[in-house]
Amino acid sequence: MEKIIIKGIPTSLARLIGFELGVHVYEENNLDKVDLNNEVEIIFPTTIEKISSSFVQGFFAGFVKKVGKNTAKKQVVIKMKDDELTEMFYKKLY
């Protein structure tokens, strides 16, 4: 499984909010080049405490456009600082 550590989020930023920020983080980390024929693990900084639905939808928009929501959810494994935050990420996708 390919692992990608998300870069470009300032350590002072504890909350990820907004569709546009989600799209920006996706693009800044060149996630459009990810091969979704295999699972990929995307690791967010441990400084993130909260995440909004709009950020998740913006972040996943590129994946969804490429392979659809169900395949994207199955192939993209999100890793946040704890299981609770990771679970919230997936809940906010729908």
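For the structure itself, look to the data block above.
Remember, it's a predicted structure, so these values are computed and weren't measured experimentally. (Residues numbered from 1 in each chain as written. Predicted model: local features only at pLDDT ≥ 70, side-chain atom pairs only at ≥ 80, totals over all residues. Heavy atoms only, no water.)

Q: For this particular structure, what's the right way to read the sheet that holds strand β3 (residues 40-43)?
A: Picture the strands of a sheet paired through backbone hydrogen bonds; they go either parallel or antiparallel. With parallel pairing, three strands are arranged side by side in an open sheet as β1-β3-β5. Bordering the open sheet on either side are β1 (2-5) and β5 (76-79), each of which pairs with just one other strand. Geometrically, the sheet is characterised by an average inter-axis angle of 20 degrees between neighbouring strands, direction not taken into account. Here β1 pairs with β3 via four bridges, running parallel. Each bridged residue has a counterpart across the sheet, and for E2 the counterpart in β3 is V40. Across the sheet, helix α2 (residues 53-67) is in contact with β3 and β5; its angle to β5 comes to roughly 160 degrees. (Pairing = 2+ DSSP bridges. Helix = DSSP H or I, 4+ residues; strand = E, 2+ residues; numbered from the N terminus. Axes fitted to C-alpha atoms, helices over the stretch in contact; angles between N-to-C directions. Contact = heavy atoms within 4.5 Å.)

Q: What am I meant to see in helix α1 (residues 19-28) here?
A: Owing to its 3.6 residues per turn, the α-helix brings residues three or four apart onto one side. Listing the buried residues of α1 in full gives G22, V25 and Y26. Each buried residue of α1 sits inside an arc of 100 degrees when the element is viewed along its axis, so together they form one side. Seen from the buried face of α1, the exposed residues on the opposite side, beyond 90 degrees, are E20 and E27. Considering only its buried residues, α1 is in contact with α2. Of the residues trailing α1, N30 is marked for its positive phi of about 50 degrees. (Buried < 20%, exposed > 50% of the residue type's maximum accessible area, 1.4 Å probe, protein only. Arc of directions from axis to C-beta.)

Q: Explanation requested: the packing of aromatic side chains in the structure shown.
A: Aromatic rings considered in pairs are described by the distance between their centres and by the relative angle of their planes. Counting across every chain of the model gives twelve aromatic pairs. For the ring pair Y26 and F59, a centre distance of 6.4 Å and an interplane angle of 85 degrees mean the geometry is edge-to-face. Here F59 lies in helix α2 and Y26 lies in helix α1, a separation of 33 residues in the sequence. The class for Y26 is buried, based on a relative accessible area of 6%. Note on F59: relative accessible area 0%, which makes it buried. (Phe/Tyr/Trp six-rings, centres within 6.5 Å; stacked < 30°, edge-to-face > 60°.)

Q: Honestly, the packing of α1 against α2 in this entry has me stumped. Any pointers?
A: For any two helices packed against each other, the geometry comes down to the angle between their axes and how far apart the axes lie. At a minimum axis separation of 6 Å, α1 and α2 run at an interaxial angle of 50 degrees. Viewed along their axes, α1 and α2 adopt a mutual orientation that is oblique. Between α1 and α2 lies a crossing of right-handed hand. For the pair formed by α1 and α2, the contact residues are F19, L21, G22, V23, V25 and Y26 on the first element and S54, F55, Q57, G58, F59, A61, G62, F63 and K66 on the second. Here the residues of the contact of α1 with α2 are counted per class, giving nine nonpolar, five polar and one charged. (Parallel < 35°, antiparallel > 145°, perpendicular 65-115°, else oblique. Left-handed = near helix turned anticlockwise from the far one by under 90°. Nonpolar A, V, L, I, M, F, W, Y, C, P; charged D, E, K, R; others polar.)

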